[in-house]
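Structural description and commentary
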Amino acid sequence: MEKIISLMADNNIRLDEFLRLKIPESLGKEISNSKIRRLIVAGAVDVNKSQCRIPGFNLRRGARVKIRLDEDKLFFEKQPDDIAFEVTEKNVLFEDENIIVINKPSHFPSEAGMVGSRDNLHAAVIRYLHSKNTSLRNPPYVGVIHRLDRDTSGVILFTKSRSVNAACHDMFEQHTARKIYHALVCGDSKNKKLQENDFTVEMFMGRISGKSQAAKWGSLPESKGGLYSKTDFTVLKEIELEGKKYFLIEARLYTGRTHQIRVHLSSMGLPILGDQLYGGKAYNRIMLHACSLTFPHPITGKEMTVSCPFTEVE
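Residues numbered from 1 in each chain as written. Predicted model: local features only at pLDDT ≥ 70, side-chain atom pairs only at ≥ 80, totals over all residues. Heavy atoms only, no water.

1. What to know about the environment of Leu 19
- In this fold, Leu 19 is placed in helix H1 (residues 15–27).
- A C-alpha to C-alpha distance of 33 Å links Leu 19 and Lys 230, two positions 211 residues apart in sequence.
- Once you skip the residues sitting within four places of it in the chain, Leu 19 turns out to touch Pro 24, Ile 36, Ile 40, Val 45, Val 65 and Ile 67. (Helix = DSSP H or I, 4+ residues; strand = E, 2+ residues; numbered from the N terminus. Contact = heavy atoms within 4.5 Å.)

Here is the structure:
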């Protein structure tokens, strides 16, 4: 489970030195210098609400530092079925001088993990923008604002200017950015939720697997660290795929917990096709797709929607 650590610098100090001093206090154990550096370079550290990937960045006294720390990722190794992927114009759903929105493929991480050699969408966007402006001496800036799981495809937004980072972070934290997902689920047509067409799942959830096991989330009481989660679902239609019947379901998130849609659907007896961790049938991918993102433009404030259909089922 991702842990958020919020700190304030009590004097002027390098960012990596500051984390080297403070993270062990939060974790109760030491962390190597190389992992501190990887944590920063991976984009898991914000300084005054702006992402900072520079280990030697000089913090001013009073600077607010937020760390998104997932202990599992500190030891994560590249999975054998990561795909090779490059961003092209056909993958770009929207772009202006401030933001770029991409159609992310499945089997490809959104951003760098703790293993620096693992390719990811953030790096691919930087390569794409750099290829369009080869006169730049250094690679262009690209900011990570939100994430999609490695196996989830669809709409994801990055910033091209640090000046809009705060506004983009705020729209996700304040839920003025709204994401809609489509999932292809396994299930019996007699399932009551399928017959209702519209249903809502609410639960406190958290990690239920051991540290040495594959990371798995599920229902967990608040008293044991579970976090509130809520998703609205709508059954869209029945689909036949490879001679078998499945159901296409729309998901609208109120909260953004790890594996939230996957856990909520599985708890209703409707696991996503390909999601074997949560009871789904084997398939060549997890059939979950972020099909639209609605948000106020960080400069104009005008609400806009960027969509991308789930082409594998629609």
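2. A closer look at helix H2 (residues 33–41)
- Buried within H2 we find Lys 35, Ile 36, Leu 39 and Ile 40. The buried side chains of H2 occupy one side of the element, clustering within an arc of 140 degrees when seen end-on.
- After H2 finishes, the residue Gly 43 shows a positive phi value of roughly 85 degrees. (Buried < 20%, exposed > 50% of the residue type's maximum accessible area, 1.4 Å probe, protein only. Arc of directions from axis to C-beta.)

3. Points about the packing of aromatic side chains
- Tallied over the full model, the rule gives three aromatic pairs.
- A centroid spacing of 5.9 Å and a plane angle of 65 degrees characterise the contact between Phe 204 and Tyr 228, whose relative ring orientation is edge-to-face. Here Tyr 228 lies in strand E14 (residues 227–241) and Phe 204 lies in strand E12 (residues 198–207), a separation of 24 residues in the sequence.
- By relative accessible area, which is 30% here, Phe 204 ends up partly exposed.
- When the ring centre of Tyr 254 is taken as origin, the NZ or CZ atom of Lys 230, which lies over that ring, is 4.3 Å away. (Phe/Tyr/Trp six-rings, centres within 6.5 Å; stacked < 30°, edge-to-face > 60°. Lys NZ or Arg CZ within 6 Å of the ring centre and 35° of its normal.)

4. Structural notes on the sheet that holds strand E1 (residues 3–8)
- Strand order in the open sheet formed by four strands is E1-E6-E3-E4, and the pairing between neighbours is antiparallel. Each end of this open sheet is capped by a strand with a single partner; those strands are E1 and strand E4 (50–51).
- Pairing geometry for strand E3 (residues 45–47) and strand E6 (residues 64–69), over three bridges, is antiparallel. For Val 47, the partnering residue across the bridge sits in E6 and is Val 65. (Pairing = 2+ DSSP bridges.)

5. Quick word on the pattern of salt bridges
- Counted under the stated rule, the structure contains 18 salt bridges.
- Across the salt bridge formed by Asp 119 and Arg 127, the nearest N and O atoms sit 3.0 Å from each other.
- Note on Arg 127: relative accessible area 32%, which makes it partly exposed.
- A salt bridge links Arg 150 to Asp 151; the nearest nitrogen and oxygen atoms lie 2.4 Å apart.
- Residue class for Asp 151 comes out buried when judged on its relative accessible area of 18%.
- One network of salt bridges, in which partners are shared, links Asp 82, Arg 150 and Asp 151. (Salt bridge = Lys/Arg side-chain N within 4 Å of Asp/Glu carboxyl O.)

6. Examining the packing of H1 against H2
- Relative to each other, H1 and H2 sit at 115 degrees, their axes nearing to 10 Å. Pair H1 / H2 crosses with right-handed handedness. Residue-level contacts link Leu 15, Asp 16, Leu 19, Arg 20 and Ile 23 of H1 to Asn 33, Ile 36, Leu 39 and Ile 40 of H2.
- Considering only residue class, the contact of H1 with H2 consists of six nonpolar, one polar and two charged. (Axes fitted to C-alpha atoms, helices over the stretch in contact; angles between N-to-C directions. Left-handed = near helix turned anticlockwise from the far one by under 90°. Nonpolar A, V, L, I, M, F, W, Y, C, P; charged D, E, K, R; others polar.)

7. Let's talk about the side chain of Arg 207
- Within the fold, Arg 207 resides in strand E12.
- A polar atom in the side chain of Arg 207 sits 3.1 Å from the backbone oxygen of Ser 209. (Polar contact = N/O pair within 3.5 Å; in protein donor to acceptor, adjacent residues only side chain to side chain.)

Distances and angles like these do not, on their own, reveal function.
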